Amino acid sequence: MQSDHAPDGAPGKGPGLALELLVHGVGGTTPAEMLGDARTVRVTGDSTAAVHRRADDKDAERHPADHAGRPVPEAYCWSNLTSGNGARALWLILLPFMVANLAHWTRPASHGRCRTVRLHGLLVRLIALSLTVLLVAAVCEVALDLIAWQCAGAARCGQDRSWLAFMTAPQDPGDPGGWWSQPGRRLALAAVLPTAVTALLWLLSHRTWSAYESQPPLERAVPEDAPAADGRPPLSLPGFWYGKRLVARLRAAHTAVGFLTVAAALTAATTRHDRGSGGNAVLDVCGRLLEGLVLAGAAWVLFVVCRRGRKESEPDQGADTLAVRALPGASLALLLLAVVHSGWSRPGWTSSGTLPGDETFSVIAVLQGTLVVVLGVLGLRLHRITRLSRTALGGLASAAVGMLACALGGLLSGGVSQRVGDWLDGPGTPGRGGGDIDGPPTVLTWQASIIPVLLALVLLLACWFAFRVWRDARRLTDDVEAGYPGVVPDESRSRRIASAIARAGLTDRAPWLVATVAAATLVLGGVAVVGTMGTGKVPGEATEGAPDIVAGFADTVQALGSWLVGFAFVLLLAWSRRAYEDASARRTIGILWDVGTFWPRCAHPFAPPCYAERAVPDLAWRMAMWTDGQPERRLVISGHSQGSVLAAAAVWQLDPDTRRQIALLTYGSPLERLYGRWFPAYFGPHRLAALHDGLECWRNLWRLTDPIGGPVRPETADTPEPGPPEECRGVDRGPLHDPLVYGRTCELPLPEPILAHGDYQADPAFAEERTGLLARLKARSRRPHKHPGGVPRQPEPRPTRSDNRARVRAAQSEPGRSDG
């Protein structure tokens, strides 16, 4: 229920009140679990995201004396943003769009290379646009080609299916058939399906924007001596979490290109017939005009996509009215004209073979591969100019992620085409004859055939990583025992702890898995296009007459690929349906979106919505309003896992004075290990150092057994000052003991579990650091203010996995010490 929250400035608010704002991580949790009390009330917010307190702390501001000596805990719950209702499980179909959007944010850091950065963003937006064309073309392939053109054009295929009989071509050449039996009219009717899919994507993007990303950012004054926007951390810019103008413009462009793709598919079929012998001259002229209008619409779409990227220096409230309103409407009107033109009577026209325009899929594959290669060249150039340590793939992360997005798009488009083709073809094999229809385009069969090869490669990599885990676990077993001096060794216990440490280390090797799969996909995709263009046959037919081992391999991968690509698509749909009905499965899928949809939609407007555009303003407003006009107040924002990323992003949005009233406590944080490596332009060591400089204090807890969290490793660190223990001694504290004790003790007589990524608050270090941060904030008012840039920072030690032996011994033998 909504509590009566005391307004700012109400009487009875005493100085020195402390607040601990808890932010949960991936998967979410309930307010009762976060606050450790079943009786909680909602302080502010709604059913989607809200701040909760214990019922006893409801009016803490009115009775500050009752809360002296302890902070008032608050829990910000945002899990419903990603795993709330069942309909969000269907967002799995949008997975390629989400990955394409991530490619924009994985660009390397850059200093003063604005043109290169803008070109990088443009290439990613073009890749995203090609994915929309690919999706709509795949729906056109199913509805227009396989069903309306091939199956309804073959009497045996159409008459065996009662739902298709009304449009099936007659068997007798002298029979004129029904009104819908003409090929053009069948295509016009089938165009309803891809048009509806495009309209549904537009509607979903529009509604999710209103529900998630329409929150106004925190309005704050920028100090006069602040550096220009180009020199400030991007996440500190007022307009970073408000991309209304760009999303609206891209939504219009992608919607328009979807309508234009359907119009082009209709026009390609009708104009080929009209230009042939027996065609109608008037319809031919109309068809040529339609082709010209489609090309003009495509040019307009490209202009809108290429015109400009994000504007972050301030909230972009502008509106591109012409593009947002006129472009989709004009494209839809053009599509309606194409439908009318296609449905015009053309006596004697019959459909045979495949629908004209099947080469579209080869063109899209070549275009995507070219864009990915150019994107990789730009990434290498940016990384060479501004080289940051631990950057994933040395600047090639954007190209690798973009290639994976294209591969996922191809998997979905090829999967639905192959399954529908196998279903309609009866006993035959698509591309090999013997069935009712010719089947999907040849290039899709080639692309499906590379999937078994990719899976074999991934299996080999998995075996290699499993061997590395086994080898590292054996090497670390003795070191674990050395980290708990004075205990009785237990080989099985040590082996389990060492295995947990070794498995957690796989996270640091993940970039090479992504790079290998992306490179193999690019090469094998090129082979598929070359094989299609060079032979015009599916792999099994193209290798006829070759040595038995080659022909047998081609037949095997073609059969397996066709089955696997269809199975993957059906599995995705089944998983979506299960998540729609099962809350626990929906929660698991929500974890995927917790990681993948943190970033704003700046490349693909049909990607799942960015929950951070709601969560970050929520947190920033909460911190700013609570500390506003109350300089004595103290606030510790405490974030676990993905919650630590949201907390850091929200702190970046505050003005410098407000930041000095705030301390940051992170644990199990992927800020450097994942975000710093994969998104160096936004979370690189220089950005994390700037955040550390702007805060009164920041402490981070981590474990060797944690596969997600790790040390923050800012580029520089404050020189520790002499003083009491509560002084801020750098950022990182760890690795913490995990498990807390090796065996049974008097205090803990039962075996302690290996906590890995969870339950950091069970470690005594958590309470120690929180108390120290509050004491640091309290002491702030007793000493002269020191400008964050006044004292140079010294580099922190950068532990690596290769020196696990020394870290386990040293850190676990002195559990209260910090490695910062």
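As the structure is a computational prediction, the values presented were derived from the model and not from experiment.

J.: Lay out the nonpolar core with the relevant residues and their values.
T.: Judged by nonpolar contacts, the single largest core of 129 residues is most densely connected at Phe598, Trp599, Ile637, Leu646 and Phe683. Counting residues per element, this core draws most heavily on helix 4 (residues 114-151), at 17 residues. When near neighbours in sequence (up to four residues on either side) are disregarded, Ile637 contacts Leu21, Val23, Met623, Ala647, Val651, Ile662, Ala663, Leu664 and Leu665. Leu35, Val636, Tyr667 and Tyr760 belong to the second largest nonpolar core, which has 19 residues in total.

J.: Tell me about helix 8 (residues 244-275), and please be specific about residues and values.
T.: Taking 1.5 Å of rise per residue, 32 residues should cover 46 Å, and helix 8 covers 45 Å from first to last C-alpha, within 8% of that figure. Counting buried positions over the 32 residues of helix 8 gives 27, a clear majority of the element.

J.: Could you give me a rundown of the side chain of Asn101, with the residues and numbers involved?
T.: Mapped onto the elements, Asn101 comes out in helix 3 (residues 95-105). The exposure class of Asn101 is buried, given its relative accessible area of 4%. A polar atom in the side chain of Asn101 sits 3.0 Å from the backbone nitrogen of Ala603. What Asn101 contacts, discounting residues up to four positions off in sequence, is Trp599, Pro600, Arg601, Cys602, Ala603, His604 and Ala607.

J.: Give a description of the environment of Leu17 that names residues and reports values.
T.: You can see Leu17 is positioned in the segment before strand 1 (18-23). Using a relative accessible area of 4% as the deciding quantity, one classes Leu17 as buried. Note: C-alpha distance between Leu17 and Leu635 (618 residues apart in sequence) is 8.6 Å. Sequence-distant contacts of Leu17, that is, excluding residues within four places in its chain, are made with Ala60, Glu61, Pro64, His67, Val72, Trp626, Arg633 and Arg634.

J.: Tell me what's going on with the packing of aromatic side chains, and back it up with residues and numbers.
T.: All told, the structure shown has 26 aromatic pairs when counted by the stated rule. Where Tyr484 meets Tyr742, the ring centres are 5.4 Å apart and the plane angle is 45°; that geometry is what we call tilted. Note that Tyr484 is positioned in the loop between helix 14 (451-482) and helix 15 (491-504) and Tyr742 in the loop between strand 8 (732-733) and helix 26 (764-780), a separation of 258 residues in sequence. Judged on exposure class, the residue Tyr484 and its partner Tyr742 are both buried. One aromatic cluster is present, built from ring pairs that chain together Trp78, Trp105, Phe240, Trp241, Phe598, Trp599, Tyr611, Trp652, Tyr675, Phe679, Tyr682 and Phe683. Over the ring of Trp179 we find Arg185; its NZ or CZ atom is 3.9 Å from the centre of that ring. Its end group placed over the ring of Trp626, Arg633 keeps NZ or CZ at 4.5 Å from the ring centre.

Cut-offs and rules
- Residues numbered from 1 in each chain as written.
- Predicted model: local features only at pLDDT ≥ 70, side-chain atom pairs only at ≥ 80, totals over all residues.
- Heavy atoms only, no water.
- Core = buried A, V, L, I, M, F, W, Y, C linked by side-chain atoms within 4.5 Å.
- Buried < 20%, exposed > 50% of the residue type's maximum accessible area, 1.4 Å probe, protein only.
- Helix = DSSP H or I, 4+ residues; strand = E, 2+ residues; numbered from the N terminus.
- Contact = heavy atoms within 4.5 Å.
- Expected span 1.5 Å × (residues − 1).
- Polar contact = N/O pair within 3.5 Å; in protein donor to acceptor, adjacent residues only side chain to side chain.
- Phe/Tyr/Trp six-rings, centres within 6.5 Å; stacked < 30°, edge-to-face > 60°.
- Lys NZ or Arg CZ within 6 Å of the ring centre and 35° of its normal.

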